[in-house]
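Chain by chain, the residues:
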Amino acid sequence: MKIKSALPLPLRIAGPLLIALLLAFVLLPVVVVTIASFNEKAIIVFPPESYSLKWFERVFSYPDFQEGFKASVVITGWASSLALVIGTCLSIAVKRMEFKGKQTLLAILHSPLVVPHFTLGLGLLILVSQASIQRGYGIVILCHVMLVLPFVMRSVYVSMENLDERLEQAAASLGASPVKVLFTVTIPLLAPGLFGGWLFAAIMSFSEFTASLFVTTQDTQTLPVAMYNYVREFADPTLAALSVVYIAVTAAVLGFANYFLGLGKILNIEDGH
């Protein structure tokens, strides 16, 4: 007998209703921002009295947004790739090796999950200021690597848990060197987890604002920081339009990953059968 059929009618109705209310609560801000982005007037009004696409044109023509996008692409590319390499090495070491201080190392590496981002950004700003280090791209990339590293490690570690070590042992027994086993057996088998970790690191790095606000300069400001500076000077619907563009692009990327690469399998939330 199914549990659902044994529940009283009010509970069977309350469950879907509660889910619908939660979805409405989560999606309502997105709907409001999307509609407000088409407002013709240079002020955010909901609902709009008249509609226009001019704010979307401003999104792509505003110089600070163009420079911020370029900086975000550079920082995201480097930060997510470095975090992938470092996170993969650390995950393999933690999974396969036993050494003193292992749990302490894990606690430190996962600390960005519990430490507020502004604390990390402020601390890094104080350190580079005291050391008289210029706040260039390297500092921003370092900051982002620290923030996204735990998510890369988690994704790779889950893939390590599902890895059949007998395949590596079989390759080694046939004469393959440890390096060859790593690049011909281990890494290909970990590819879904590697891509999942990189994808999440890239999305989080591109969206990071709190810590970036402390470590960026006018030359290295990311798109979220440029958006913050814009809203301090203007109150038009440009940011609403930019938010819609960002949501659409993110949804397209995730949809592509899910359709062509199997996002559920990459994130280990879907049965591979």
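Residues numbered from 1 in each chain as written. Predicted model: local features only at pLDDT ≥ 70, side-chain atom pairs only at ≥ 80, totals over all residues. Heavy atoms only, no water.

> Tell me about the overall build of the protein, and please be specific about residues and values.
Each helix and strand counted, the protein has 13 helices and zero strands in total. Along the protein, helices (α) and strands (β) appear in the sequence α-α-α-α-α-α-α-α-α-α-α-α-α when read from the amino end. Once the C-alpha set of the protein is aligned to its principal axes, its extents read approximately 75 × 70 × 35 Å. Burial status across the protein gives 34% buried among its 273 residues. Partitioning the contacts of the protein with sequence separation of at least 6, the portion at a separation of at least 24 is 69%. Summed over its atoms, the accessible surface of the protein is roughly 16,500 Å², and 70% of this surface lies on carbon and sulfur atoms. Charged side chains of the protein number 17 positive and 16 negative; the gap between the two group centres comes to 8 Å. (Helix = DSSP H or I, 4+ residues; strand = E, 2+ residues; numbered from the N terminus. Buried < 20%, exposed > 50% of the residue type's maximum accessible area, 1.4 Å probe, protein only. Contact = heavy atoms within 4.5 Å. Areas by Shrake-Rupley, 256 points an atom, 1.4 Å probe, with all protein chains shown as cover. Lys, Arg positive; Asp, Glu negative; His and termini not counted. Charge placed at Lys NZ, Arg CZ, Asp CG, Glu CD.)

> Before we move on, can you summarise the UniProt feature "transmembrane region" (unreviewed entry) in the protein with the specific residues and values?
The UniProt record marks residues 71-93, 105-127, 139-160, 181-206 and 239-261 with the feature "transmembrane region" (unreviewed entry), using the residue numbering of this structure. Taken end to end, residues 139-160 comprises 100% helix and 0% strand; its first and last C-alpha atoms sit 31 Å apart. (UniProt positions renumbered as here; feature names shortened; annotations may be inferred.)

> Which residues make up the nonpolar core, and what values do they have?
By size, the foremost hydrophobic cluster in this structure holds 29 residues, and its most contacted members are A83, C143, V152 and V215. Breaking this core down by element, the ones donating at least two residues are α4 (63-96), α5 (102-109), α6 (117-130), α7 (137-161) and α9 (178-207). The element contributing the most residues to this core is α7, with twelve residues. If sequence neighbours within four positions are ignored, C143 has contacts with L120, L124, A211 and V215. Membership of the second largest hydrophobic core comes to 13 residues, among which are F56, Y62, Y230 and L242. (Core = buried A, V, L, I, M, F, W, Y, C linked by side-chain atoms within 4.5 Å.)

> With reference to specific residues and values, describe a nonpolar patch on the surface.
Where nonpolar side chains cluster on the molecular surface, the patch consists of I19, L23, F25, V26, L27 and V31 and spans about 630 Å² of accessible area. Its location among the elements puts L23 in helix α2 (residues 9-36). (Patch = residues over 30% accessible without salt bridge, like charges linked within 9 Å, V, L, I, M, F, W, Y side chains within 5 Å. Salt bridge = Lys/Arg side-chain N within 4 Å of Asp/Glu carboxyl O.)

> Explain α5 to me, using residue names and the numbers behind them.
Considered for burial, the residues of α5 that qualify are K102, L106 and L109. When α5 is viewed along its axis, its buried side chains cluster within an angular range of 65° and face the same direction. Turned more than 90 degrees away from the buried face of α5 sit Q103 and I108, all of them exposed. The secondary structure elements touched by the buried residues of α5 are α4 and α7. (Arc of directions from axis to C-beta.)

> Tell me about the packing of α6 against α7, residues and numbers included.
At a minimum axis distance of 11 Å, the contact between α6 and α7 shows a crossing angle of 145°. Seen from above, α6 lies across α7 with right-handed handedness. Where α6 approaches α7, its residues H117, L120, L124 and V128 are matched on the opposing element by I139, L142, C143, M146 and L147. Residues belonging to the contact of α6 with α7 are distributed by class as follows: eight nonpolar, one polar and no charged. (Axes fitted to C-alpha atoms, helices over the stretch in contact; angles between N-to-C directions. Left-handed = near helix turned anticlockwise from the far one by under 90°. Nonpolar A, V, L, I, M, F, W, Y, C, P; charged D, E, K, R; others polar.)

> Talk me through the packing of α4 against helix α11 (residues 223-231); I want residue IDs and the actual numbers.
Two numbers describe how α4 lies on α11: the axes approach to 7 Å, and their chain directions differ by 155°. If you check the angle between α4 and α11, you find them roughly antiparallel. Contacts between α4 and α11 pair D64, F65, G68, F69 and S72 from the former with L223, P224, A226, M227 and Y230 from the latter. Of the residues belonging to the contact of α4 with α11, the class tally is seven nonpolar, two polar and one charged. (Parallel < 35°, antiparallel > 145°, perpendicular 65-115°, else oblique.)

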